[in-house]
Amino acid sequence: MRGRSLTLSRVKLELARRSMSATSVPSMADFLTKKPYSPPSWASHLRPLPSHTFSLAHLPTPIHRWNLPGLPNGTELWIKRDDFTGMELSGNKVRKLEFLMAEAVDQHADTVITIGGIQSNHCRATATASNYLNLNSHLILRTSKLLADEDPGLVGNLLVERLVGANVHLISKEEYSSIGSEALTNALKEKLEKEGKKPYVIPVGGSNSLGTWGYIEAAREIEEQLNSRPDDLKFDDIVVACGSGGTIAGISLGSWLGALKAKVHAFSVCDDPDYFYDFVQGLLDGLHAGVNSRDIVNIHNAKGKGYAMNTSEELEFVKKVASSTGVILDPVYSGKAAYGLINEITKDPKRWEGRKILFIHTGGLLGLYDKVDQMASLMGNWSRMDVSESVPRKDGVGKMF
């Protein structure tokens, strides 16, 4: 019986591998190509359906065990590395951009406008994707009132944005709060139209109903990855950060409609859970999904001191995770989500015992560069190398190229 079971497992693995090669795993030749989109069968009733995507991300991203210390007995934590979707495009935003940029091209846009914080991962990804597709990009970046009239510098995401030639427009937090992101992007759109441009506007985080398809598609990808395994792995919970709502709307709906059936836990890093329940509901209604956001996702408050602001405990946690597991979390999104998850587990370990959890790493590594001063005191592992006098020395032996 054991031999027969092993044979069946091998057959299942090979069939799944062939299925994935035929349907979902893009080849190098697909990169930066526009192609017709066919939704998962379980999502084909949603409306409107996207007509095309642009292949921008390196997919599928890997899933592996993540041995964080202090987990309850029998609890397995896994991690999906959406920080591996690319280099300049790394993170969750590129999945949304595959759908949004396809629509921009369909509409014959020559310019893309989007908006976010001064270290926005989404704005960086949008600027890069626009450049790949020969489109100009305009980024409205929110910063402090004191810095809105100064050169924003070249730290983290800003360096990439400015390297690829994005047009950066600074706005103070006070102006952003009183005017709103939609009115700001529309004002810039009208200005560019008067100049003869054809702009396409992408909202904060790429989070609209079209962008939601990025993580509906990610749910299908996870399904296929699980089907390719011989061990019948199934996740009880999916954990992800929430900053603008589109990612959690897509992965929650995909898990609910598809085969995953995992409970999604979102850790909000800016607004309160009630805001995101309502916002996600709007995205779901925009797809005519016919489901209640509170039925498909559990949203936790993980904003701490506020968006893109960290406590010393959060930054110490990011350092500890990197040192113990080799996984580098960003301080704005995944760092806060993982910190929040561990706090939830610590408060009620019995609830999590024996569960299999998938944590989605949404990228954002460049955001760490904005925290250098705060994290400097955590980095003590260096010293001047002491070379004994007994070690032979001869000029020219060590070539320095």
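Everything quoted here is computed from the prediction, not taken from an experiment.

Glancing now at the confidence of the model for the protein chain. Overall, the predicted model of the protein chain reaches an average pLDDT of 93, with 93% of residues at or above 70. Low confidence marks residues 1–24, where pLDDT is under 50. Its contacts with residues over four positions away, or in another chain, come to 16 contacts.

Turning our attention to the environment of Ser228. Mapping Ser228 onto the fold places it in the loop between α7 (209–227) and β9 (237–242). Expressed as a C-alpha distance, the spacing of Ser228 and Tyr132, which sit 96 residues apart in the sequence, is 32 Å. Here Gln225 takes part through its backbone oxygen, which lies 2.7 Å from a polar atom of the side chain of Ser228.

Structurally, Glu344 is set in helix α12 (residues 334–347). With a relative accessible area of 17%, Glu344 lands in the buried category. Ignoring anything within four residues of it in the chain, the contact list for Glu344 reads Phe267, His300, Arg351 and Trp352.

Now for the domain arrangement of the protein chain. We note that the domain assignment places domain 1 (48–90 + 208–372) and domain 2 (93–206) within the protein chain. Each of domain 1 and domain 2 has a C-alpha centre, and these two points are 24 Å apart. Every contact between the two is made by 35 residues of domain 1 and, on the other side, 31 residues of domain 2. Carbon and sulfur atoms make up 63% of the surface buried where domain 1 meets domain 2, a total of about 2800 Å² over both sides. Counting across the domain 1 and domain 2 interface gives two salt bridges.

In this section: the nonpolar core. Core analysis: the biggest nonpolar cluster contains 84 residues, and Trp66, Met101, Trp213, Ile251 and Phe359 have the highest contact counts within it. The biggest single contributor to this core is α7, with eight residues. The residues that make up this core include at least three from each of domain 1 (48–90 + 208–372) and domain 2 (93–206). Grouped together as the second largest cluster of nonpolar side chains are eight residues, Ile113, Ile171, Leu184 and Leu188 included.

The next subject is a nonpolar patch on the surface. Nonpolar side chains collect at one region of the surface, where Leu154, Leu159 and Leu163 lie side by side and expose about 310 Å² of accessible area between them. Its place among the elements puts Leu163 in helix α4 (residues 157–163). Accessibility expressed as a relative area gives 68% for Leu163, which makes it exposed.

It is worth spelling out the sheet that holds strand β7 (residues 167–172) at this point. Pairing between sheet strands relies on hydrogen bonds along the backbone, with the strands arranged either parallel or antiparallel. Taking strand neighbours across the sheet as the criterion, the four strands line up as β7-β6-β5-β8 in an open arrangement whose pairing is parallel. In this open sheet, the two edge strands, each paired with only one partner strand, are β7 and β8 (199–201). Across the sheet, the mean angle from the axis of one strand to that of its neighbour is 25°, orientation sign disregarded. Pairing of strand β5 (residues 111–117) with strand β6 (residues 136–143), which is carried by seven bridges, proceeds in the parallel orientation. When the bridges of β6 are listed, Ile113 appears paired with His138. Against the sheet, helix α6 (residues 181–194) contacts β5, β6, β7 and β8, and its axis sits at roughly 150° relative to β5.

The next thing to look at is the packing of aromatic side chains. Tallying each qualifying case throughout the model produces nine aromatic pairs. A ring pair is formed by Tyr37 and Phe99, whose centres lie 5.0 Å apart and whose planes are at 85°; its orientation type is edge-to-face. Linking Tyr37 in the loop between β1 (34–36) and β2 (52–54) with Phe99 in helix α2 (residues 93–106), this pair joins segments that are 62 residues apart in sequence. On the basis of relative accessibility, which here comes to 12%, the residue Tyr37 falls in the buried class.

Attention now goes to the UniProt feature "active site" (unreviewed entry) in the protein chain. Taking the numbering used here, the UniProt-annotated feature "active site" (unreviewed entry) corresponds to Ser120. The exposure class assigned to Ser120 is buried, which follows from its relative accessible area of 6%. Ignoring anything within four residues of it in the chain, the contact list for Ser120 reads Asn157 and Glu161.

Another aspect to go through is a negative patch on the surface. Residues Asp149, Glu150, Glu174 and Glu175 make up a contiguous surface patch of negative charge. Within the element layout of this structure, Glu174 appears in helix α5 (residues 173–179). Classification of Glu174 as partly exposed rests on a relative accessible area of 46%.

Quick notes on the rules
- Residues numbered from 1 in each chain as written.
- Predicted model: local features only at pLDDT ≥ 70, side-chain atom pairs only at ≥ 80, totals over all residues.
- Heavy atoms only, no water.
- pLDDT = per-residue confidence, 0-100.
- Contact = heavy atoms within 4.5 Å.
- Helix = DSSP H or I, 4+ residues; strand = E, 2+ residues; numbered from the N terminus.
- Polar contact = N/O pair within 3.5 Å; in protein donor to acceptor, adjacent residues only side chain to side chain.
- Buried < 20%, exposed > 50% of the residue type's maximum accessible area, 1.4 Å probe, protein only.
- Domains from an automatic or database assignment.
- Buried area = accessible area lost by both parts, 1.4 Å probe.
- Salt bridge = Lys/Arg side-chain N within 4 Å of Asp/Glu carboxyl O.
- Core = buried A, V, L, I, M, F, W, Y, C linked by side-chain atoms within 4.5 Å.
- Patch = residues over 30% accessible without salt bridge, like charges linked within 9 Å, V, L, I, M, F, W, Y side chains within 5 Å.
- Areas by Shrake-Rupley, 256 points an atom, 1.4 Å probe, with all protein chains shown as cover.
- Pairing = 2+ DSSP bridges.
- Axes fitted to C-alpha atoms, helices over the stretch in contact; angles between N-to-C directions.
- Phe/Tyr/Trp six-rings, centres within 6.5 Å; stacked < 30°, edge-to-face > 60°.
- UniProt positions renumbered as here; feature names shortened; annotations may be inferred.
- Lys, Arg positive; Asp, Glu negative; His and termini not counted.
- Charge placed at Lys NZ, Arg CZ, Asp CG, Glu CD.

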